[in-house]
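# Close look at the chain arrangement
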Amino acid sequence: MIRVEGIYKSFKDAEILKGIDFLFEEGKTNLIIGKSGAGKTVLLKILVGLIKPTKGHVWYDDDDLCSMNKHELITLRMQVGMLFQGNALFDSMTIEENIRFPLDMFTKKTLKEKRTRVNFCLERVNLEGINNKYPSEISGGMQKRVGIARSIVLKPKYLFADEPNSGLDPKTAIRIDELLSSITKDNNITTIINTHDMNSVMEIGDNICFLNEGKLEWKGNKSEVLESPNETLQEFIFASPFLQRLKENALKNLESEK
Amino acid sequence: MIFRKPENWSMYYKETIRQMYDIGIGSLMIIFVVNIFIGAVTAVQFTYQLSGTFIPKYYIGYIVRDMAIIELAVTFTSIILAGKVGSNMASEIGGMRQKEHIDAMEIMGVNTSSYLVMPKITAALIVIPILVSLAALVSIVGGYIATIYSGSFSHEEFIQGLRSFFKPQNVKMMYVKAFVFSYILTSIACYQGYFVKGGSIELGHASTRAVVFGIIVILMADYFLAVILTG
């Protein structure tokens with residue numbers, strides 16, 4: 001469980017986050033959604049400790065991230081996995097070396113044990129047999145899955161993903177969502193995904209935090225999204241003309257059925 | 001932060017070896033070519049300037065040797081490496097910053113300032129003094145070839161010059177300078193790369209700053225070391 005309490009963040013004169021309070025629950029896929037510039041990425045970077053908030057607290061269970069010293073932060077980060085928007089795979093390393101990197105750095109396992117774990121993670125993301133390829137030799141969707149494999153190799157307690165579906169076709173995006181959701185459920189971890197993909201919201205949004213202009217505008221889950229009277233949320237969800245038409249047709253059908 | 005205890009010695013060791021290879025083997029050719037000509041030009045110029053004077057010819061060997069050891073080999077090599085290795089290091093680390101590789105490592109719990117910088121500084125401190133020694137040797141050979149084969153004077157005269165007035169203190173001075181310049185050029189390059197912000201244009205600027213600042217600080221340090229070590 002991760003809880004944020006009164007998070008404010010400013011860059012020079014611009015106030016990006018204006019007092020966010022939210023509980024990211026364990027064993028659920030927690031989504032941070034909102035328009036571009038709403039402060040999603042800043043909030044995610046604060047959650048993982050890459051940026052310090054101007055004010056407020058981030059609680060990992062009972063430990064406050066903002067008051068941790070360097071050693072405590074490193075210990076916490078051993079329990080954190082993160083999938084970056086651009087994957088952040090090391091170009092000069094093979095896929096196996098990329099996934100093995102955290103194991104090489106932090107464990108005293110033998111090479112055989114590390115390889116077994118790497119192969120397990122690759123199987124988990126349905127990418128067997130690409131150990132010796134380089135990131136540039138595989139597709140964007142595969143790179144995302146390698147990123148997921150690397151982020152789970154140390155069996156994290158907390159998993160973060162920054163726009164995991166960006167740049168992917170809808171089918172691949174759905175596979176990535178399913179993968180993140182199943183990893184969350186299977187391992188009972190706290191997963192926090194930063195997205196503006198409506199498919200993700202409707203399919204895997206167990207706990208949703210909707211940001212608008214740096215404020216928490218709405219919170220709920222996927223089954224509550226459509227019924228919410230919050231106009232800003234509805235505008236955000238039905239922003240595309242295609243979805244608007246679908247909604248209007250659905251409402252017409254409902255009225256005609258009545 | 002840079003010199004904290006590594007998370008895993010073997011990872012740091014592997015990275016240091018990789019850097020030693022890049023700095024050392026990767027720079028051999030340019031160091032050889034530049035220094036052979038520096039030695040040759042020094043010899044030719046001094047032969048010209050001393051001709052018609054009462055200074056014995058064998059002094060050319062002595063001048064070439066001491067100029068190479070005290071100043072030219074170490075300073076030119078460091079300036080060349082500030083350009084070649086410094087810009088490479090700044091681009092490598094800066095590129096990692098822009099592609100979020102550094103953030104990814106931070107989140108894994110890696111002390112990135114240490115993992116990315118310490119092996120580079122360590123490798124430079126080991127390899128650059130070796131390169132400087134080779135540069136001094138090549139420079140003297142360059143001076144020898146230029147003067148002997150042009151018929152300016154004999155092999156014996158040049159060797160006599162090389163053996164004259166030798167002070168071991170000068171070799172010590174060369175190594176002190178080599179260590180100091182190695183630290184300067186790598187630390188400036190790593191700093192510029194690590195704290196780069198923005199896109200590819202800013203990365204280019206950081207790389208340029210690494211070279212320009214590196215060269216300026218090396219030359220300033222050269223002056224102060226010369227004053228201190230010869231005082």
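A few points on the structure. (Residues numbered from 1 in each chain as written. Chains lettered and ligands numbered in written order. Predicted model: local features only at pLDDT ≥ 70, side-chain atom pairs only at ≥ 80, totals over all residues. Heavy atoms only, no water.)

### Observations regarding a nonpolar patch on the surface
- A cluster of nonpolar residues, Val212(B), Phe213(B), Ile216(B), Val217(B), Met220(B), Tyr223(B), Phe224(B), Val227(B) and Ile228(B), forms a patch on the protein surface that exposes about 860 Å² of accessible area.
- Within the element layout of this structure, Phe213(B) appears in helix H7 (residues 200–230). (Patch = residues over 30% accessible without salt bridge, like charges linked within 9 Å, V, L, I, M, F, W, Y side chains within 5 Å. Areas by Shrake-Rupley, 256 points an atom, 1.4 Å probe, with all protein chains shown as cover. Salt bridge = Lys/Arg side-chain N within 4 Å of Asp/Glu carboxyl O. Helix = DSSP H or I, 4+ residues; strand = E, 2+ residues; numbered from the N terminus.)

### Quick notes on unusual backbone geometry
Residues and elements named next belong to chain A.
- The residue Asp 61 is not glycine, and still its phi comes out positive at about 50°.
- Counting through the fold element by element, Asp 61 comes out in the loop between strand S4 (55–60) and strand S5 (63–64).
- Using a relative accessible area of 24% as the deciding quantity, one classes Asp 61 as partly exposed.
- Of note in this structure, Glu 163 is not a glycine but carries a positive phi near 45°.
- Structurally, Glu 163 can be placed in the loop between strand S7 (158–162) and helix H6 (170–187). (Buried < 20%, exposed > 50% of the residue type's maximum accessible area, 1.4 Å probe, protein only.)

### A word on the sheet that holds strand S6 (residues 80–83) of chain A
Residue and element names in this part refer to chain A.
- Spatially, the six strands line up as an open sheet ordered S6-S7-S8-S3-S9-S10, and their pairing is mixed. Where the open sheet ends on each side, the last strands, each with one partner, are S6 and strand S10 (215–220). Across the sheet, the axes of successive neighbouring strands diverge by a mean angle of 20°, strand direction being ignored.
- Relative to strand S9 (residues 207–212), strand S3 (residues 29–34) is paired through five bridges, and the arrangement is parallel. Note that in S9 the partner of Asn 30 across the bridge is Asn 207.
- Of the strands in this sheet, S3, S7 and strand S8 (190–195) touch H6, which is tilted by about 140° from S3. (Pairing = 2+ DSSP bridges. Axes fitted to C-alpha atoms, helices over the stretch in contact; angles between N-to-C directions. Contact = heavy atoms within 4.5 Å.)

### Things to note about the nonpolar core
- Counting residues in hydrophobic clusters, the biggest one holds 50 residues, and the most contacted among them are Phe101(A), Ile23(B), Met105(B), Val110(B) and Tyr115(B).
- With 13 residues, the top contributor of residues to this core is helix H4 (residues 112–148) of chain B.
- The residues contacting Ile23(B), other than those within four sequence positions of it, are Val85(B), Met89(B), Lys120(B), Ala123(B), Ala124(B), Val127(B), Ile128(B) and Leu131(B).
- One finds Ala149(A), Ala173(A), Leu180(A) and Trp218(A) within the second-largest nonpolar core, a separate group that totals 40 residues. (Core = buried A, V, L, I, M, F, W, Y, C linked by side-chain atoms within 4.5 Å.)

### Quick word on the pairing of S3(A)
- Counting buried residues in S3(A) gives six out of six residues, a clear majority hidden from the surface.
- Side chains Thr29(A), Leu31(A) and Ile33(A) project from S3(A) onto one buried face, and the interleaved Asn30(A), Ile32(A) and Gly34(A) project onto a second face that is buried too.

### With respect to the pattern of salt bridges
Residue and element names in this part refer to chain A.
- Applying the stated criterion to the full structure yields 19 salt bridges over all chains.
- With a closest N to O distance of 2.8 Å, Glu 25 and Lys 28 form a salt bridge.
- It is possible to trace a salt-bridge network through shared partners that takes in Glu 96, Arg 100, Asp 104, Lys 114 and Arg 115.

### What about the environment of Ser187(B)?
Residue and element names in this part refer to chain B.
- Here Ser 187 shows up in helix H6 (residues 168–194).
- Taking the C-alpha atoms as reference points, Ser 187 and Gly 214, 27 residues apart in sequence, are found 8.9 Å from one another.
- A polar side-chain atom of Ser 187 sits 3.3 Å from the main-chain carbonyl oxygen of Ile 184. (Polar contact = N/O pair within 3.5 Å; in protein donor to acceptor, adjacent residues only side chain to side chain.)

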